[in-house]
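Read off the chains here:
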Amino acid sequence: MSLEERLTELEHRVTAMELGQLGNGQANGAAPPDGWALRQLRAEFTAADERNGGVMFAGSGRLPSVEQFDWQVRFSTDDIVAYDWDDAAECLAALGSPVRLRILREIIRGSRTAAELTDLDEVGTSGQIYHHLRQLAATGWLHTVGRGRFEVPPNRVVPLLVALATARR
């Protein structure tokens, strides 16, 4: 590996560490710092008498298709543990296909119709694409917005991005 390649790799690693993308938020595997979001979340769960805490995810940004998204939600640990995980399995399984993930990425990037998706390599025939679109719609990852156009519903953009972010290694 050349010196330039090593320097580029090192820059990427430093950037990832600064963004908390290595390990569990820290490059050395230590617990992440007690940031403002964590302090606020603890305060909210304490005020709501949720002794077992919980999780929150939020996001704000702009998709490549130029749509703006702002969204957040929080769940208590008790609610998540009590939730019917069979329903979760079906929803997560819909994301388990590389083809379906490719379709979602293309829709987020702006390809909205099945006809546009058939132009992509390695996503299958139009019948196979419609099968994937139906599965994604049945589990809430997509909905139709008229004239054969599909989009990720606004309330599912952040959960989708969070699911993908948690899959990063």
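Predicted model, so just to flag it, every value in this text is computed and none were measured. (Residues numbered from 1 in each chain as written. Predicted model: local features only at pLDDT ≥ 70, side-chain atom pairs only at ≥ 80, totals over all residues. Heavy atoms only, no water.)

What about the side chain of threonine 139?
In step 1: Here threonine 139 lies in the loop between helix H7 (126–138) and strand E3 (143–144).
In step 2: Judged by its relative accessible area of 15%, threonine 139 falls in the buried class.
In step 3: Other than its neighbours up to four places away in sequence, threonine 139 contacts Glu90, Cys91, Ala94 and Arg156. (Helix = DSSP H or I, 4+ residues; strand = E, 2+ residues; numbered from the N terminus. Buried < 20%, exposed > 50% of the residue type's maximum accessible area, 1.4 Å probe, protein only. Contact = heavy atoms within 4.5 Å.)

Re the confidence of the model for the protein chain
In step 1: For the protein chain, mean pLDDT is 85; residues scoring 70 or higher make up 86% of the total.
In step 2: A low-confidence stretch, residues 21–29 (pLDDT under 50), is modelled with 15 contacts involving residues beyond four sequence positions or located in other chains. (pLDDT = per-residue confidence, 0-100.)

Examining unusual backbone geometry
In step 1: Here the phi dihedral of aspartate 49 falls at roughly 55°; this positive angle occurs in a residue that is not glycine.
In step 2: Here aspartate 49 is to be found in the loop between helix H2 (36–47) and strand E1 (54–62).
In step 3: The phi angle at glutamate 122 is positive, at roughly 65°, despite the residue not being glycine.
In step 4: Relative to the elements of secondary structure, glutamate 122 occurs in the loop between helix H6 (114–118) and H7.
In step 5: The exposure class of glutamate 122 is exposed, given its relative accessible area of 76%.

Regarding empty space enclosed by the protein
In step 1: Applying the stated criterion across every chain, the model contains 1 cavity of 30 Å³ or more.
In step 2: Counted as a void, the largest cavity has a volume near 40 Å³.
In step 3: As for the largest cavity, its lining consists of Leu63, Ser65, Glu67, Ile107, Ile108, Arg112, Glu151, Val152 and Val157.
In step 4: Counted by class, the lining of the largest cavity contains 5 nonpolar, 1 polar and 3 charged residues. (1 Å grid on protein atoms, 1.4 Å probe; cavity = no way out; pocket = protein on both sides within 12 Å on 5 of 7 lines; lining within 4 Å. Points joined across faces, edges and corners; volume = space filled by probe spheres on them. Nonpolar A, V, L, I, M, F, W, Y, C, P; charged D, E, K, R; others polar.)

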